[in-house]
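Residue-level structure breakdown
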Amino acid sequence: MGGKAILIVVISFSLMFTVVKYNSSNTSSNAAERLASYYIKTNAHNIAASAANIAANELFRDPNWSGFSQDTLYMNGGYAVISVSKPANAKAKFDAKAVYKFFYAGEEFSEESRVNFVLNATNYSRFGYYTNVWGSGYLVTGDTIDGPFHTQTKLNTLGSPVFLGKVTTKQGINMVGNKYGFGPANPEFKGGYETPVDVPFTLNTSALLGVASTGGRVFQHPSGSNLDVRLHFNADETVEWSTRKTGTSSWSTPIVADLDTFTTNGVIWNKKGNLYLSGTVNGKYTVGTAKGGGSTGYVYLEDDIVYRKDPLKFVNGGTTITNPDCEDMLGIIAEKQVVVKDNAANRDDINIHAALFNYDGGITVEGISSSKPNMGTMRIHGSLIENSAQTTGYTNGAGYHQVIKYDKRYRNSTPPSFPATTSYEIVSWFE
Amino acid sequence: MNTGQMIITMAAMILLSTVILSVNKNALNTTSSMTENKYQILGISLGTALIEEAFSKSFDAYTALNPITGEAEQADNLSDLTNYYSLGPSNLEKKRRNFNDFDDYNGFVDSASNASVDSLSSEMRNNDIAAIFKVESKVYYVDPSTDNKLKKVNYRTWHKRMDVLVTSRYLGDGLDTIKLSKIYSYFFY
């Protein structure tokens, strides 16, 4: 009886020890699996991220890059399969799927990791102020630049001008202080500063003509001569338009057209000549003109060109916020430059709600000189893109006192087919 | 106690001894395995940390921020970049804290427990008891357009690959050398 009792006790102990051994083995096994998982996840992610880095470089150098001849890259015991696609909306999408296999303690472990990103062309209208050539002038204490700023040359500051958006330059910044009574060199970059950043200044008029030809509206003289086009936008979503051969004085009889049918994609383009603009915009449009040599390629503002509702709401003095009631958007493109006409309508302020693109100059005033009368304030609520700054007023009061406020909607949205750079920017990166 | 009971008792004791020995062996194995895992995970983390540190630096000495002017150059041509045989720290970058670009980590060797921003670029304290891990890194150019194995090339490209090797006498047989790699490519926004 005593022997049997001992045997029962021992078997009981053995069972308990077996459970302990099982749990211990499980603990060891789980730890090994976690280690293997951590290692292969790290490696798989590194491989996918490497493939994404490589692809980003290739796409930045060549926006039309569609991948290598072999779409599988091998690295550190794993591989990445890369895929580049370019959807119809001109964005490029990249996807890298990495697979990493690993043997540990006689067992095979496998892990997949993905990195994908989306590139889009940088649209010029996202800048509050873009100037290709800055020149030798200074931004000085008291100047405030609203929205993102960029120049392809060196920016000169004197004293402490304020930049409310991010500042980028290709050739750096020259900060000058304690000169002409402007105080120490201390420009304020509220949105940060980065250099060197390259955003080349280009205008593809053929692309705009193509877009206007397929669903938009193209103006061109039947004989191929330069053509002047006059557009007056009405708040009821109509436009009153007339034309004349450039260099002549008599305009055709104005025609009122419903903008829905006049241009279905919102682009109105004069193939070569000048454009005369005014009115109240209801909808989203891009209007512009190419040059045909000589004194063409200009957009003349004959009066205010504004949205039904101001895109900005003014709060606490000069501070602005986006007006949620404003749904209209206008892009104005001049292959030469935008000119404010010196006429009776413009001699008492001018209001411009638009993204202005001046490819061969900047916004200016017709016949501006220091002996001109004071014309009040030029208010630009939108975005100003120009090759180089032009004179709009003088310190003696001649011309305009210029105020430029950035329409923050342009950060995420643009007028239809508004010019974009030839390079890409990364708009999303997921890993 | 008769003979039968004696035999049963002895069999029981043999069984108990066998089970105890087996459990003991298993416990030792588990402890050893857990310890190895701890060092292996620590080793992977050290390698990852070094890669992340290198990625936080500029792509090349040419594109690094100039401490005097506060500005950086933008590399437009491959000839702007460091030549393939010169990858590594310059004479002014003896210490890790002075590394300002990715390829300064080429040839970097250190013992992890003593690693710090003041470590020298080629400082391995073999005789140091605290030197548990040996961390080595190599940086070289790769050319994915001609070689999908991403091997070292002897010319300049826009892609630099970093290999990090972590070894230790405490790493187990399953993972005796930890190898991590990542490619840093130059692209500007």
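Here the structure is shown first, and the text comes after it.
Residues numbered from 1 in each chain as written. Chains lettered and ligands numbered in written order. Predicted model: local features only at pLDDT ≥ 70, side-chain atom pairs only at ≥ 80, totals over all residues. Heavy atoms only, no water.

**Observations regarding the interface of chain B and chain A**
Counting residues at the interface gives 49 residues for chain B, matched by 52 residues for chain A. Where chain B abuts chain A, roughly 4,500 Å² becomes buried across the two surfaces, and 64% of that area is made up of carbon and sulfur atoms. The interface formed by chain B and chain A holds zero salt bridges in total. Where chain B packs against chain A, one counts 17 residue pairs in polar contact (both at pLDDT 80 or more). For the side of chain B that touches chain A, the secondary-structure elements that each account for two or more residues are α1 (3-55), β4 (159-167) and β5 (177-185) of chain B. (Contact = heavy atoms within 4.5 Å. Buried area = accessible area lost by both parts, 1.4 Å probe. Salt bridge = Lys/Arg side-chain N within 4 Å of Asp/Glu carboxyl O. Polar contact = N/O pair within 3.5 Å; in protein donor to acceptor, adjacent residues only side chain to side chain. Helix = DSSP H or I, 4+ residues; strand = E, 2+ residues; numbered from the N terminus.)

**A few points about the sheet that holds strand β13 (residues 188-189) of chain A**
Residues and elements named next belong to chain A. Pairing is parallel across the open sheet formed by three strands, whose spatial order is β7-β10-β13. Unpaired on one side and paired on the other, β7 (144-145) and β13 mark the two borders of the sheet. Of the strand pairs in this sheet, β7 and strand β10 (residues 162-163) are connected by two bridges, and their pairing is parallel. What sits directly across from threonine 144, in β10, is valine 162. (Pairing = 2+ DSSP bridges.)

**Remarks on the pattern of salt bridges**
Residue and element names in this part refer to chain A. For the coordinates displayed, the defined rule picks out 21 salt bridges over all chains. Where arginine 61 meets glutamate 58, a salt bridge forms, and the shortest distance between an N and an O atom there is 3.4 Å. With arginine 61 and glutamate 58 both in helix α1 (residues 2-61), this residue pair falls three residues apart, about one helical turn. Relative accessible area serves as the criterion here: at 48%, arginine 61 is assigned to the partly exposed category. The residue aspartate 198 makes a salt bridge to lysine 170 at a minimum N-O spacing of 3.7 Å. On the criterion of sequence distance, the pair formed by aspartate 198 in the loop between β14 (193-194) and α2 (205-213) and lysine 170 in the loop between β11 (167-169) and β12 (173-176) is long-range, its members being 28 residues apart. You can call lysine 170 partly exposed: its relative accessible area is 31%. Taken together, the shared-partner salt bridges connect Asp342, Arg347 and Lys372 into one network. (Buried < 20%, exposed > 50% of the residue type's maximum accessible area, 1.4 Å probe, protein only.)

**Some details on the packing of aromatic side chains**
For the coordinates displayed, the defined rule picks out 40 aromatic pairs over all chains. Judged by centre distance (5.1 Å) and plane angle (75 degrees), the rings of tryptophan 65 of chain A and phenylalanine 68 of chain A are edge-to-face. With respect to burial, tryptophan 65 of chain A and phenylalanine 68 of chain A carry one shared label: buried. Following the ring pairs from residue to residue traces out a cluster consisting of Tyr124, Phe127, Tyr130, Phe201, Phe357, Tyr359 and Phe418 of chain A. Above the face of the phenylalanine 127 of chain A ring, arginine 126 of chain A is positioned so that its terminal group lies 4.6 Å from the ring centre. The ring of phenylalanine 55 of chain B is capped by lysine 182 of chain B, whose NZ or CZ atom sits 4.7 Å from the centre of that ring. (Phe/Tyr/Trp six-rings, centres within 6.5 Å; stacked < 30°, edge-to-face > 60°. Lys NZ or Arg CZ within 6 Å of the ring centre and 35° of its normal.)

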